[in-house]
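Here is how the chains run, residue by residue.
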Amino acid sequence: MKKTLLLAFICSLVTFGLNAQITSVGIIGSATQGAWDNDTDMIQNDTNPDLWNLTVVLTDGECKFRADDDWVVNWGSAEFPMGVGVQDGDNIPVVCGKYDIDFNSATGEYNFTLIPEIGIIGSATPNGWDSDIDMCNDPNDPNKFYITIDLVAGEAKFRKDDDWAVNWGSPDFPTGIGVQDGDNILVDKAGEYFVMLDTMTGAYSFEENITYETIGIIGDATEGGWDTDTDLDQDANDANLWSATVLLNNGEAKFRANDDWEFDWGNTGFPMDTALLKGPNIPIDSGNYIVSFNTETLIYNFIEVVDFTSIGIIGDATPGGWTDDTDMNQDPDNNSMWNLRIVLADGEAKFRADDDWLWNWGSGDFPAGIGELDGANIPVTAGEYIIDFNSITGAYNFKEIIVFDTVGIIGTGSEFGNWDDDVLLEKDPDNEFHFSGVVNLVDGEIKFRANQDWTVNWGEEAFPMGVGTQDGPNILCVGGTYKASILTDTGEYGFTDPSSTVDIVDPAYVNVYPNPTEALLNIDLSADEFSGNIHIMIYDLSGRKMYNQHRSFNTNMTVDVSDLPIGTYFLQINSEKHMIGKKFNVIK
């Protein structure tokens, strides 16, 4: 308890010290023009240095406040439009609009005050003629405004500043040119609409967002013939994407909505094409397919599901050259997943099935990508890798393996108290990536490094647990005797009581899939004895925390990573007795 209180006290002093040194405060996040890459700086009050202000146009999304363009000091909360931000708090959910933002860097208090500009009003809107519904300003064009809104049959107009002094109208629908004091716009059909207005030209449009209860495939190529739809499943993260695994015969088919011919799509291309509304029937070759259809882009795809006897990697980067495949290992729980640990040379490679070129996959991307049938050779950099490949989607990942002779702890907080001498840890005989040992620390700063050299080192401010990154910041340690552990393939580290059973678990006990992924990351913890409450975090390669959630333990969990940019990330899972780290890749 004393150690916990001491750590909290030290953290409060550090936070106070950092707050006293703040030179700038900015707002950052997906709701801002700079996204998560660049801060939009606020203006400091002339008489009170803790007060900051900004007038800015924001989009639907999330944001945080942070100091000095860095994540060392940042504030967040789940409350909007006002709340109290805390260090490393939740992202602030933002509704689009033009705002006057006030922030207090001493207390964390913030307030987003909406500045009304352009609104839509009328009997067709939820508020009737009583009040405007504010529209969102396009951050890239001050003259363009938009909103997604439910309308009923009726009339509407646009106006400025909740006042009739400036307004736009026209009898035309769904598109037209609004003019000052023009006619009311006649909305002739109830529905959800994406509405746009250009205040410079008066041009407007009402684009109906059609909601489909079901999307199915129908035709003599399907089990139900032309009488009964075979329904597809809607994607949990993309309402426009529908897919299912379907056994098809030689014949024809179409996609249609709501088991009705009001909306149906087809075209002549197979296995992939862009469908046309009321287009021709799709010619089908018999087979078992993953069928997908996007109701927004109208792109459809039939990916054949084939149970291959073997999948191998071949090419001049492999031991067998372009002559002999090096066979991969099939996942016993998923016939489409294959993996292999292998030493590769500089060169090129492809995946192929059953030692034959009939089925082969390649792409110009490395170390991760989506292999296409008969695609380009994969350019390979020499090294030892664990390779994952999905024979249905073509997704692949080459994860380089680097095994170090030694790993040690160095810094002013180490036993030697300097940045010259390492306190060496012991390599786990059963896991070449796991190094651990009992160490004595004093208050100070430390890092992990490999082979007693700075070429490879790991750091991150978090203590006693975190994910170290190459050339990351120093770890701010608290004095005491600890069992130190690090996994060199993920950077996951921890300092625990020497007698504690808490330890870093071999990442082999965690299965994350698909990897790489576009949207959902599935986590399988059934191979290890996790229990109770767990803490899931995701870090990017710079050590920035991108995801932070507490959950009750379940052997199979899913994390939505669709908002993450393309790249490599660290998944960290903590419980009362275990810590596990795992790398994964996001692709689009």
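Look above for the structure.
Right, let's walk through the structure included here. In this text, all values refer to a predicted model and were calculated from it rather than measured experimentally.

1. Here we look at the overall build of the protein
Right, on to step 1. Helix and strand counts for the protein come out as one helix and 63 strands.
Right, on to step 2. For the protein, the spread of C-alpha atoms along the three principal axes comes to 80 × 75 × 40 Å.
Right, on to step 3. Relative to its full complement of 588 residues, the protein shows a buried share of 46%.
Right, on to step 4. A separation of at least 24 residues holds for 57% of the contacts in the protein among residues at least 6 apart in sequence.
Right, on to step 5. Both charge centroids of the protein, one from 28 positive and one from 99 negative side chains, sit 4 Å from each other.

2. Overview of the sheet that holds strand β58 (residues 520-524)
Right, on to step 1. Pairing in this open sheet of three strands is antiparallel, and the strands run β57-β58-β61 from one edge to the other. Each end of this open sheet is capped by a strand with a single partner; those strands are β57 (511-513) and β61 (556-560). This sheet shows a mean twist of 20° between the axes of neighbouring strands, independent of strand direction.
Right, on to step 2. Direction of pairing for β57 relative to β58: antiparallel, over a ladder of three bridges.

3. Details of the sheet that holds strand β44 (residues 395-401)
Right, on to step 1. With antiparallel pairing, the five strands of this open sheet are ordered in space as β36-β37-β43-β44-β40. The strands lining the two open edges of the sheet, one partner per strand, are β36 (329-331) and β40 (368-370). On average, each strand axis in the sheet is inclined to that of its neighbour by 20°, with strand direction left out of account.

4. Comments concerning the pattern of salt bridges
Right, on to step 1. Scanning all chains against the criterion turns up 12 salt bridges.
Right, on to step 2. Of the charged contacts, one joins Lys189 and Glu208 as a salt bridge, the two residues approaching to 3.4 Å between their closest N and O atoms. Note that Lys189 is positioned in the loop between β20 (185-187) and β21 (191-198) and Glu208 in strand β22 (residues 203-209), a separation of 19 residues in sequence.
Right, on to step 3. Among the residues examined, Lys189 registers a relative accessible area of 42% and is labelled partly exposed.

5. Some thoughts on empty space enclosed by the protein
Right, on to step 1. Applying the stated criterion across every chain, the model contains two cavities of 30 Å³ or more.
Right, on to step 2. Here the largest cavity is characterised by a volume of approximately 60 Å³.
Right, on to step 3. Every residue lining the largest cavity is listed: Gly97, Lys98, Leu114, Ile115, Pro116, Glu117, Ile118, Asp134, Met135, Cys136, Asn137 and Phe145.
Right, on to step 4. Listing elements by their share of the lining of the largest cavity, those giving two or more residues are β10 (97-104) and β14 (136-137).
Right, on to step 5. Taken together, the residues of the lining of the largest cavity break down into seven nonpolar, two polar and three charged.
Right, on to step 6. A volume near 50 Å³ is recorded for the second largest cavity.
Right, on to step 7. The wall of the second largest cavity is formed by Met337, Asp388, Phe389, Asn390, Thr393, Ala395, Tyr396, Asn397, Pro514, Asn515 and Pro516.
Right, on to step 8. Counting only elements with at least two residues in the lining of the second largest cavity, the list comes to β43 (383-390) and β44.
Right, on to step 9. Per-class residue counts for the lining of the second largest cavity are six nonpolar, four polar and one charged.

6. Notes on the environment of Asp235
Right, on to step 1. Here Asp235 shows up in the loop between β25 (233-234) and β26 (241-248).
Right, on to step 2. For Asp235, a relative accessible area of 29% puts it in the partly exposed group.

7. Section: the state of the cysteines
Right, on to step 1. All chains considered together, the criterion is met by one disulfide.
Right, on to step 2. Each disulfide pairs two cysteine sulfurs, and for Cys96 the partner residue is Cys136, the sulfurs being separated by 1.4 Å. Taken as a pair, Cys96 in the loop between β9 (92-94) and β10 and Cys136 in strand β14 lie far apart in primary sequence, 40 residues in all.
Right, on to step 3. Judged by its relative accessible area of 6%, Cys136 is buried.
Right, on to step 4. Free of any disulfide, Cys63 has its nearest cysteine sulfur in Cys96, 13 Å distant.

8. Considering the pairing of β58
Right, on to step 1. Within β58, four of the five residues are buried, which leaves the element mostly enclosed by the surrounding structure.
Right, on to step 2. In sequence, β57 turns back onto β58 through a hairpin of six residues.
Right, on to step 3. Bridging between β58 and β61 involves five bridges; their strand directions are antiparallel. Paired with Asp524 across the strands is Asn556, a residue of β61.

9. Points about the nonpolar core
Right, on to step 1. Membership of the largest hydrophobic core comes to 22 residues, with the highest contact counts inside it found for Ile215, Leu232, Phe255, Trp265, Val291, Phe293 and Phe302.
Right, on to step 2. Elements with a contribution of two residues or more to this core: β23 (215-218), β26, β27 (251-257), β31 (282-284), β32 (287-294) and β33 (299-304).
Right, on to step 3. A per-element tally of this core places β26 first, with four residues.
Right, on to step 4. Residues in contact with Phe302, not counting those within four places in the same chain, are Ile217, Leu248, Phe255, Phe270, Pro271, Ile282, Ile284, Tyr289, Ile290 and Val291.

10. Quick look at unusual backbone geometry
Right, on to step 1. Omega for the bond connecting Phe270 with Pro271 falls within 30 degrees of zero, at 10°, which places this linkage in the cis form.
Right, on to step 2. Here Pro271 lies in the loop between β28 (264-266) and β29 (272-274).
Right, on to step 3. Cis rather than trans, the peptide bond between Phe366 and Pro367 has omega equal to 15°.
Right, on to step 4. If you trace the backbone, Pro367 turns up in the loop between β39 (360-362) and β40.
Right, on to step 5. The residue Lys278 is not glycine, and still its phi comes out positive at about 60°.
Right, on to step 6. Tracing the backbone shows Lys278 in the loop between β30 (276-277) and β31.
Right, on to step 7. Judged by relative accessible area, Lys278 falls into the partly exposed class, the value being 47%.

11. Some remarks on the packing of aromatic side chains
Right, on to step 1. The final tally for this structure, using the stated rule, is 50 aromatic pairs.
Right, on to step 2. On the basis of an interplanar angle of 50° and a centroid distance of 6.1 Å, the ring pair of Phe65 and Phe112 is categorised as tilted. Here Phe65 is found in strand β5 (residues 61-67), whereas its partner Phe112 is found in strand β11 (residues 109-114), with 47 residues between them in sequence. Grouping residues by exposure puts Phe65 and Phe112 together as buried.
Right, on to step 3. Aromatic side chains Tyr300 and Phe302 sit 6.0 Å apart centroid to centroid with 80° between the ring planes, which places their arrangement in the edge-to-face category. Here the two residues Tyr300 and Phe302 agree in accessibility, since each one is buried.
Right, on to step 4. One aromatic cluster is present, built from ring pairs that chain together Tyr212, Phe255, Phe263, Trp265, Phe270, Tyr289, Phe293, Tyr300 and Phe302.

12. Overview of the pairing of strand β16 (residues 154-160)
Right, on to step 1. Of all the seven residues making up β16, five are buried; the element is thus mostly covered by neighbouring parts of the structure.
Right, on to step 2. Strand direction decides the pairing type here: strand β12 (residues 118-121) and β16, joined by four bridges, are antiparallel. Pairing of Ile120 across the sheet is with Phe158, part of β16.
Right, on to step 3. Here β16 pairs with β20 via three bridges, running antiparallel. For Gly154, the partnering residue across the bridge sits in β20 and is Val187.
Right, on to step 4. Two strands pair when backbone bridges link them, and β16 and strand β17 (residues 163-169) are joined in this way by three bridges, in the antiparallel orientation. When the bridges of β17 are listed, Arg159 appears paired with Asn167.

Definitions and limits used
- The residue numbers shown here count from 1 along each chain, following its written sequence.
- This being a predicted model, a pLDDT of at least 70 is required before a residue's local features are given, and a value of 80 or more before pairs of side-chain atoms are given or counted; all residues contribute to the totals for chains, interfaces and linings.
- Side-chain metrics rest on all non-hydrogen atoms present in the structure, leaving aside hydrogens and water.
- Helix and strand definitions here come from DSSP, where helices need a minimum of 4 consecutive H or I residues and strands a minimum of 2 consecutive E residues; each element is numbered from the N-terminal end.
- Burial classes follow relative accessibility: with a 1.4 Å probe on protein chains only, a residue under 20% of its type's maximum area counts as buried, one over 50% as exposed, and anything between as partly exposed.
- Residues are treated as being in contact if the distance between any of their heavy atoms lies within 4.5 Å.
- When charges are counted, Lys and Arg contribute as positive and Asp and Glu as negative, whereas His and the chain ends are disregarded.
- To locate a charge, take NZ of a lysine, CZ of an arginine, CG of an aspartate or CD of a glutamate.
- At least two bridges found by DSSP between two strands is the condition for calling them paired.
- Only C-alpha atoms enter the line fits that serve as axes; for helices the fit covers just the stretch in contact. Angles between N-to-C directions range over 0 to 180 degrees.
- Salt bridge, as used here, is a side-chain nitrogen of Lys or Arg placed within 4 Å of a carboxyl oxygen of Asp or Glu.
- Grid points spaced at 1 Å over the protein atoms alone were grouped into cavities, where a 1.4 Å probe fits but cannot get out, and pockets, open sets with protein on both sides within 12 Å along at least five of seven lines, with lining residues defined by an atom within 4 Å of a point.
- Grid points are joined across faces, edges and corners, and a volume is the space filled by probe spheres set on the points.
- Three classes are used, and their members are as follows: Ala, Val, Leu, Ile, Met, Phe, Trp, Tyr, Cys and Pro are nonpolar, Asp, Glu, Lys and Arg are charged, and the others, Gly among them, are polar.
- Only a pair of cysteine sulfur atoms within 2.5 Å qualifies as a disulfide here.
- Take the buried Ala, Val, Leu, Ile, Met, Phe, Trp, Tyr and Cys residues and link them wherever side-chain atoms come within 4.5 Å; each set so joined is a nonpolar core.
- Any pair of Phe, Tyr and Trp rings, taking the six-membered ring for Trp, is counted once the centres come within 6.5 Å. Such a pair is stacked with planes under 30 degrees apart, edge-to-face with planes over 60 apart, and tilted for the rest.

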